[in-house]
Amino acid sequence: NGWMQNPVGYTLRAGRAEMTDFAAVAFNGTGWLIFAHTMLAGFVTAGFFVLGVSAYHLRRKNEVPFFKASFRTAAVFTLVSAVLLVGTGDRQGVRVAKHQPAKFAAMESQWETETGAPYTVFSWPDRANERNAFEFLKIPKGLSLMGFHDGSAVIKGLRDIPRDERPPVLPVFLSFKLMVAFGFLMLLAAFLAWLKGKRGRLESSPRFLRLLVWLIPLPYVVIQLGWIVTELGRQPWIVYGLMKTSDGVSAVLAPSQVLLSLVLFTLVYGALGAVDIYLLARYSRRGPAGARPDGGHIKASRILEAEGGRP
(Lines give C-alpha, C1' and ligand atoms only; values in the text may rest on other atoms or scores of the structure.)
Protein backbone atom coordinates (compact mmCIF):
# COMPACT_ATOMS: atom_id res chain seq x y z
CA ASN A 1 0.00 0.00 0.00
CA GLY A 2 2.90 2.35 0.70
CA TRP A 3 4.19 1.78 -2.84
CA MET A 4 0.73 2.42 -4.30
CA GLN A 5 0.56 5.68 -2.34
CA ASN A 6 4.15 6.70 -3.07
CA PRO A 7 5.82 4.54 -5.78
CA VAL A 8 9.62 4.45 -5.39
CA GLY A 9 12.53 2.26 -6.47
CA TYR A 10 11.17 1.26 -9.88
CA THR A 11 11.53 1.83 -13.59
CA LEU A 12 8.98 1.46 -16.36
CA ARG A 13 9.80 -1.05 -19.10
CA ALA A 14 7.22 -1.65 -21.81
CA GLY A 15 4.47 -0.33 -19.55
CA ARG A 16 5.50 -2.56 -16.66
CA ALA A 17 6.88 -1.31 -13.34
CA GLU A 18 10.04 -3.24 -12.40
CA MET A 19 11.88 -2.85 -9.13
CA THR A 20 15.34 -1.30 -9.36
CA ASP A 21 16.01 -0.47 -5.71
CA PHE A 22 14.89 -3.00 -3.10
CA ALA A 23 15.93 -0.78 -0.19
CA ALA A 24 13.83 2.12 -1.48
CA VAL A 25 10.76 -0.14 -1.70
CA ALA A 26 11.37 -1.94 1.61
CA PHE A 27 12.06 1.24 3.58
CA ASN A 28 9.48 3.46 1.89
CA GLY A 29 8.59 5.97 4.60
CA THR A 30 4.98 6.15 3.47
CA GLY A 31 4.48 2.42 3.96
CA TRP A 32 6.09 2.37 7.40
CA LEU A 33 4.07 5.36 8.57
CA ILE A 34 0.85 3.70 7.40
CA PHE A 35 1.93 0.52 9.22
CA ALA A 36 2.72 2.36 12.47
CA HIS A 37 -0.47 4.42 12.30
CA THR A 38 -2.58 1.32 11.65
CA MET A 39 -0.99 -0.68 14.48
CA LEU A 40 -1.42 2.17 16.95
CA ALA A 41 -5.05 2.55 15.86
CA GLY A 42 -5.49 -1.14 16.71
CA PHE A 43 -3.89 -0.59 20.12
CA VAL A 44 -6.27 2.31 20.84
CA THR A 45 -9.22 0.16 19.74
CA ALA A 46 -8.16 -2.62 22.10
CA GLY A 47 -7.60 -0.12 24.90
CA PHE A 48 -11.07 1.38 24.59
CA PHE A 49 -12.58 -2.09 24.49
CA VAL A 50 -10.95 -3.01 27.81
CA LEU A 51 -11.82 0.38 29.30
CA GLY A 52 -15.45 -0.01 28.23
CA VAL A 53 -15.80 -3.54 29.58
CA SER A 54 -14.10 -2.56 32.84
CA ALA A 55 -16.38 0.47 33.16
CA TYR A 56 -19.43 -1.72 32.55
CA HIS A 57 -18.56 -3.98 35.49
CA LEU A 58 -17.41 -1.18 37.79
CA ARG A 59 -20.81 0.48 37.42
CA ARG A 60 -22.38 -2.81 38.58
CA LYS A 61 -19.87 -3.36 41.40
CA ASN A 62 -18.70 -6.65 39.86
CA GLU A 63 -15.21 -7.76 40.95
CA VAL A 64 -14.23 -4.18 41.76
CA PRO A 65 -10.52 -4.85 42.55
CA PHE A 66 -10.13 -6.89 39.35
CA PHE A 67 -11.76 -4.33 37.09
CA LYS A 68 -10.06 -1.39 38.78
CA ALA A 69 -6.75 -2.99 37.90
CA SER A 70 -7.78 -3.71 34.31
CA PHE A 71 -9.16 -0.17 33.97
CA ARG A 72 -5.96 1.49 35.19
CA THR A 73 -3.75 -0.69 33.02
CA ALA A 74 -5.89 -0.05 29.96
CA ALA A 75 -6.00 3.69 30.67
CA VAL A 76 -2.20 4.01 30.62
CA PHE A 77 -1.89 1.78 27.54
CA THR A 78 -4.64 3.66 25.69
CA LEU A 79 -3.33 7.13 26.54
CA VAL A 80 0.22 6.32 25.41
CA SER A 81 -1.09 4.69 22.22
CA ALA A 82 -3.40 7.64 21.50
CA VAL A 83 -0.58 10.17 21.89
CA LEU A 84 1.66 8.15 19.56
CA LEU A 85 -1.28 7.77 17.14
CA VAL A 86 -1.65 11.54 16.93
CA GLY A 87 2.11 11.83 16.38
CA THR A 88 2.19 9.34 13.50
CA GLY A 89 -0.93 10.98 12.06
CA ASP A 90 0.91 14.30 12.01
CA ARG A 91 3.91 12.77 10.26
CA GLN A 92 1.62 11.05 7.77
CA GLY A 93 -0.06 14.36 7.02
CA VAL A 94 3.33 15.91 6.22
CA ARG A 95 4.11 13.11 3.77
CA VAL A 96 0.69 13.46 2.15
CA ALA A 97 1.22 17.21 1.68
CA LYS A 98 4.58 16.51 0.05
CA HIS A 99 3.80 13.46 -2.09
CA GLN A 100 0.01 13.66 -2.61
CA PRO A 101 -0.92 17.35 -2.80
CA ALA A 102 -4.33 16.63 -4.37
CA LYS A 103 -5.30 14.41 -1.43
CA PHE A 104 -4.09 17.00 1.07
CA ALA A 105 -6.03 19.77 -0.68
CA ALA A 106 -9.18 17.62 -0.69
CA MET A 107 -8.75 16.80 3.01
CA GLU A 108 -8.88 20.51 3.83
CA SER A 109 -11.01 21.70 0.88
CA GLN A 110 -8.20 24.03 -0.19
CA TRP A 111 -9.03 25.45 -3.62
CA GLU A 112 -6.42 28.20 -4.02
CA THR A 113 -2.66 27.76 -4.04
CA GLU A 114 -1.34 29.87 -1.16
CA THR A 115 1.93 30.66 0.55
CA GLY A 116 1.47 30.60 4.29
CA ALA A 117 -2.04 29.17 3.89
CA PRO A 118 -4.37 29.63 6.88
CA TYR A 119 -6.18 26.74 8.52
CA THR A 120 -9.95 27.12 8.27
CA VAL A 121 -11.73 25.59 11.25
CA PHE A 122 -15.23 25.61 9.72
CA SER A 123 -15.90 25.37 5.98
CA TRP A 124 -17.97 23.48 3.43
CA PRO A 125 -16.73 22.54 -0.07
CA ASP A 126 -18.64 23.70 -3.13
CA ARG A 127 -17.24 21.46 -5.86
CA ALA A 128 -19.42 22.86 -8.65
CA ASN A 129 -18.05 26.38 -8.19
CA GLU A 130 -14.55 25.28 -7.10
CA ARG A 131 -14.69 27.15 -3.82
CA ASN A 132 -16.01 26.81 -0.28
CA ALA A 133 -19.65 27.66 0.32
CA PHE A 134 -18.59 29.30 3.60
CA GLU A 135 -15.44 29.73 5.66
CA PHE A 136 -15.30 30.64 9.32
CA LEU A 137 -12.52 31.04 11.89
CA LYS A 138 -9.16 31.03 10.12
CA ILE A 139 -5.86 30.42 11.89
CA PRO A 140 -3.07 32.34 10.09
CA LYS A 141 -0.49 30.05 8.43
CA GLY A 142 -2.08 27.08 10.20
CA LEU A 143 -2.48 24.88 7.12
CA SER A 144 1.12 25.45 5.99
CA LEU A 145 2.29 24.59 9.49
CA MET A 146 0.18 21.43 9.51
CA GLY A 147 1.28 20.33 6.05
CA PHE A 148 4.99 21.15 6.14
CA HIS A 149 5.72 22.36 9.70
CA ASP A 150 6.64 25.61 7.99
CA GLY A 151 4.36 28.64 8.21
CA SER A 152 5.71 29.98 4.92
CA ALA A 153 5.23 26.77 2.92
CA VAL A 154 3.17 26.70 -0.29
CA ILE A 155 -0.04 24.66 -0.20
CA LYS A 156 -1.22 23.62 -3.65
CA GLY A 157 -4.89 24.25 -4.26
CA LEU A 158 -7.36 22.04 -6.11
CA ARG A 159 -7.81 24.62 -8.87
CA ASP A 160 -4.19 24.04 -9.92
CA ILE A 161 -4.79 20.30 -10.24
CA PRO A 162 -6.50 18.95 -13.39
CA ARG A 163 -10.12 18.01 -12.78
CA ASP A 164 -9.53 14.40 -13.81
CA GLU A 165 -6.76 14.09 -11.21
CA ARG A 166 -8.74 15.35 -8.22
CA PRO A 167 -10.23 12.99 -5.63
CA PRO A 168 -13.93 13.32 -4.67
CA VAL A 169 -13.62 16.31 -2.36
CA LEU A 170 -16.68 16.12 -0.08
CA PRO A 171 -16.34 12.50 1.19
CA VAL A 172 -12.58 12.91 1.70
CA PHE A 173 -13.08 16.25 3.45
CA LEU A 174 -15.85 14.96 5.75
CA SER A 175 -14.03 11.71 6.56
CA PHE A 176 -10.87 13.58 7.48
CA LYS A 177 -12.65 16.16 9.65
CA LEU A 178 -14.64 13.48 11.49
CA MET A 179 -11.55 11.30 11.92
CA VAL A 180 -9.62 14.17 13.50
CA ALA A 181 -12.52 15.28 15.71
CA PHE A 182 -13.24 11.76 16.97
CA GLY A 183 -9.51 11.10 17.36
CA PHE A 184 -9.06 14.03 19.73
CA LEU A 185 -12.25 13.00 21.57
CA MET A 186 -10.67 9.58 22.17
CA LEU A 187 -7.43 11.23 23.31
CA LEU A 188 -9.39 13.36 25.81
CA ALA A 189 -11.36 10.33 27.04
CA ALA A 190 -8.15 8.32 27.49
CA PHE A 191 -6.58 11.17 29.46
CA LEU A 192 -9.62 11.48 31.73
CA ALA A 193 -9.67 7.70 32.24
CA TRP A 194 -6.02 7.77 33.28
CA LEU A 195 -6.58 10.77 35.56
CA LYS A 196 -9.65 9.34 37.28
CA GLY A 197 -8.01 5.94 37.67
CA LYS A 198 -4.90 7.50 39.16
CA ARG A 199 -6.91 9.59 41.62
CA GLY A 200 -9.20 6.70 42.58
CA ARG A 201 -12.38 8.42 41.43
CA LEU A 202 -13.86 5.65 39.31
CA GLU A 203 -16.79 4.71 41.58
CA SER A 204 -17.74 8.39 41.90
CA SER A 205 -17.92 8.88 38.12
CA PRO A 206 -20.87 6.75 36.94
CA ARG A 207 -21.63 9.00 33.98
CA PHE A 208 -18.06 8.83 32.73
CA LEU A 209 -18.07 5.04 33.13
CA ARG A 210 -21.29 4.85 31.12
CA LEU A 211 -19.72 7.08 28.43
CA LEU A 212 -16.76 4.72 28.10
CA VAL A 213 -19.13 1.83 27.40
CA TRP A 214 -20.74 3.84 24.59
CA LEU A 215 -17.30 4.78 23.25
CA ILE A 216 -16.33 1.15 22.55
CA PRO A 217 -17.46 1.31 18.87
CA LEU A 218 -15.89 4.73 18.21
CA PRO A 219 -12.32 3.58 17.39
CA TYR A 220 -13.74 1.11 14.86
CA VAL A 221 -15.56 3.99 13.14
CA VAL A 222 -12.45 6.19 13.21
CA ILE A 223 -10.35 3.45 11.58
CA GLN A 224 -12.84 3.18 8.71
CA LEU A 225 -12.82 6.96 8.28
CA GLY A 226 -9.02 6.86 8.13
CA TRP A 227 -9.02 4.25 5.38
CA ILE A 228 -11.61 6.25 3.43
CA VAL A 229 -9.26 9.24 3.54
CA THR A 230 -6.25 7.11 2.59
CA GLU A 231 -7.82 5.21 -0.30
CA LEU A 232 -10.55 7.51 -1.60
CA GLY A 233 -8.14 10.42 -1.32
CA ARG A 234 -5.74 8.52 -3.61
CA GLN A 235 -8.27 8.50 -6.46
CA PRO A 236 -8.27 8.60 -9.43
CA TRP A 237 -4.95 6.76 -9.04
CA ILE A 238 -4.49 3.09 -8.26
CA VAL A 239 -0.74 3.85 -8.13
CA TYR A 240 -0.40 7.53 -7.33
CA GLY A 241 0.76 9.60 -10.29
CA LEU A 242 1.59 6.49 -12.28
CA MET A 243 -1.49 4.40 -13.07
CA LYS A 244 -5.14 5.43 -12.87
CA THR A 245 -7.81 3.19 -11.39
CA SER A 246 -9.65 3.21 -14.71
CA ASP A 247 -6.56 1.66 -16.33
CA GLY A 248 -6.60 -1.17 -13.81
CA VAL A 249 -10.04 -2.45 -14.78
CA SER A 250 -9.88 -6.12 -15.78
CA ALA A 251 -10.73 -6.94 -19.38
CA VAL A 252 -11.41 -10.58 -18.42
CA LEU A 253 -13.93 -10.39 -15.58
CA ALA A 254 -17.56 -9.60 -16.37
CA PRO A 255 -19.42 -7.06 -14.19
CA SER A 256 -21.74 -9.85 -13.00
CA GLN A 257 -18.76 -11.79 -11.64
CA VAL A 258 -17.51 -8.78 -9.73
CA LEU A 259 -20.99 -8.15 -8.34
CA LEU A 260 -21.37 -11.79 -7.27
CA SER A 261 -18.04 -11.83 -5.46
CA LEU A 262 -18.87 -8.53 -3.75
CA VAL A 263 -22.23 -9.87 -2.56
CA LEU A 264 -20.67 -13.10 -1.29
CA PHE A 265 -17.87 -11.27 0.54
CA THR A 266 -20.43 -8.93 2.11
CA LEU A 267 -22.62 -11.82 3.29
CA VAL A 268 -19.75 -13.93 4.64
CA TYR A 269 -17.95 -11.12 6.44
CA GLY A 270 -21.24 -9.61 7.58
CA ALA A 271 -22.18 -12.93 9.19
CA LEU A 272 -18.73 -13.28 10.78
CA GLY A 273 -18.98 -9.73 12.08
CA ALA A 274 -22.41 -10.37 13.61
CA VAL A 275 -21.16 -13.54 15.35
CA ASP A 276 -18.05 -11.70 16.55
CA ILE A 277 -20.06 -8.83 18.04
CA TYR A 278 -22.44 -11.29 19.71
CA LEU A 279 -19.61 -13.29 21.30
CA LEU A 280 -17.69 -10.19 22.40
CA ALA A 281 -20.80 -8.74 24.05
CA ARG A 282 -21.77 -12.05 25.67
CA TYR A 283 -18.41 -12.85 27.23
CA SER A 284 -17.68 -9.24 28.13
CA ARG A 285 -20.84 -9.14 30.23
CA ARG A 286 -19.82 -12.35 32.00
CA GLY A 287 -16.58 -10.88 33.23
CA PRO A 288 -13.54 -12.90 34.41
CA ALA A 289 -13.30 -16.64 35.00
CA GLY A 290 -16.14 -16.72 37.53
CA ALA A 291 -18.95 -16.39 35.01
CA ARG A 292 -22.00 -18.66 35.20
CA PRO A 293 -23.41 -20.24 32.01
CA ASP A 294 -26.59 -18.16 32.37
CA GLY A 295 -24.63 -14.95 32.11
CA GLY A 296 -24.52 -14.28 35.86
CA HIS A 297 -21.39 -13.76 37.87
CA ILE A 298 -19.67 -15.62 40.68
CA LYS A 299 -17.13 -13.94 42.88
CA ALA A 300 -13.61 -15.12 42.09
CA SER A 301 -12.91 -15.33 45.82
CA ARG A 302 -15.69 -17.92 46.22
CA ILE A 303 -14.19 -20.03 43.43
CA LEU A 304 -10.84 -20.03 45.18
CA GLU A 305 -12.46 -20.98 48.47
CA ALA A 306 -14.38 -23.83 46.82
CA GLU A 307 -11.11 -25.13 45.38
CA GLY A 308 -9.30 -24.99 48.71
CA GLY A 309 -7.35 -21.83 47.93
CA ARG A 310 -7.23 -18.51 49.69
CA PRO A 311 -9.00 -15.46 48.27
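This structure is a prediction, so every number in the text was calculated from the model and none was measured. (Residues numbered from 1 in each chain as written. Predicted model: local features only at pLDDT ≥ 70, side-chain atom pairs only at ≥ 80, totals over all residues. Heavy atoms only, no water.)

Where helix α3 (residues 29-59) contacts helix α8 (residues 206-214), the axes come no closer than 8 Å and their chain directions differ by 135°. Taken together, the axis directions place α3 and α8 in an arrangement best described as oblique. You can see that α3 and α8 cross each other, and the crossing is left-handed. Mapping the contact onto sequence places Phe48, Gly52, Ala55, Tyr56, Leu58 and Arg59 in α3 and Pro206, Leu209, Arg210, Leu212 and Val213 in α8. Counted by class, the contact of α3 with α8 contains eight nonpolar, one polar and two charged residues. (Axes fitted to C-alpha atoms, helices over the stretch in contact; angles between N-to-C directions. Helix = DSSP H or I, 4+ residues; strand = E, 2+ residues; numbered from the N terminus. Parallel < 35°, antiparallel > 145°, perpendicular 65-115°, else oblique. Left-handed = near helix turned anticlockwise from the far one by under 90°. Contact = heavy atoms within 4.5 Å. Nonpolar A, V, L, I, M, F, W, Y, C, P; charged D, E, K, R; others polar.)

Pairing geometry for strand β1 (residues 10-13) and strand β2 (residues 16-19), over four bridges, is antiparallel. For Tyr10, the partnering residue across the bridge sits in β2 and is Met19. Hairpin connection between β1 and β2: a loop of two residues separates the two successive antiparallel strands, and Ala14 in this loop has a positive phi of roughly 55°. (Pairing = 2+ DSSP bridges.)

Turning to the packing of aromatic side chains, a few remarks are in order. Across all of its chains, the model carries eight aromatic pairs by this definition. Summarising the aromatic geometry, the rings of Phe191 and Trp194 are spaced 5.9 Å apart at their centres and angled 40° between planes, so their arrangement reads as tilted. Pair noted here: Phe191 and Trp194 are both in helix α7 (residues 169-199), with a separation of three residues, about one helical turn. For Trp194, a relative accessible area of 27% corresponds to the partly exposed category. Seen in terms of ring centroids, Trp237 and Tyr240 are 6.3 Å apart; in terms of plane orientation they differ by 55°. Their pairing is tilted. An identical accessibility class is assigned to Trp237 and Tyr240; each is buried. The lysine or arginine in question, Lys196, covers the ring of Phe208, its NZ or CZ lying 5.7 Å from the ring centre. (Phe/Tyr/Trp six-rings, centres within 6.5 Å; stacked < 30°, edge-to-face > 60°. Buried < 20%, exposed > 50% of the residue type's maximum accessible area, 1.4 Å probe, protein only. Lys NZ or Arg CZ within 6 Å of the ring centre and 35° of its normal.)

Right, let's get into the environment of Met107. Considering the arrangement of structural elements, one finds Met107 in helix α5 (residues 101-108). Met107 gets classed as buried once you look at its relative accessible area, which sits at 5%. For the pair Met107 and Asp276, spaced 169 residues apart in sequence, the C-alpha separation works out to 33 Å. Ignoring sequence-local partners within four residues, the contact set of Met107 consists of Val96, Val172, Phe173, Phe176, Lys177 and Val229.

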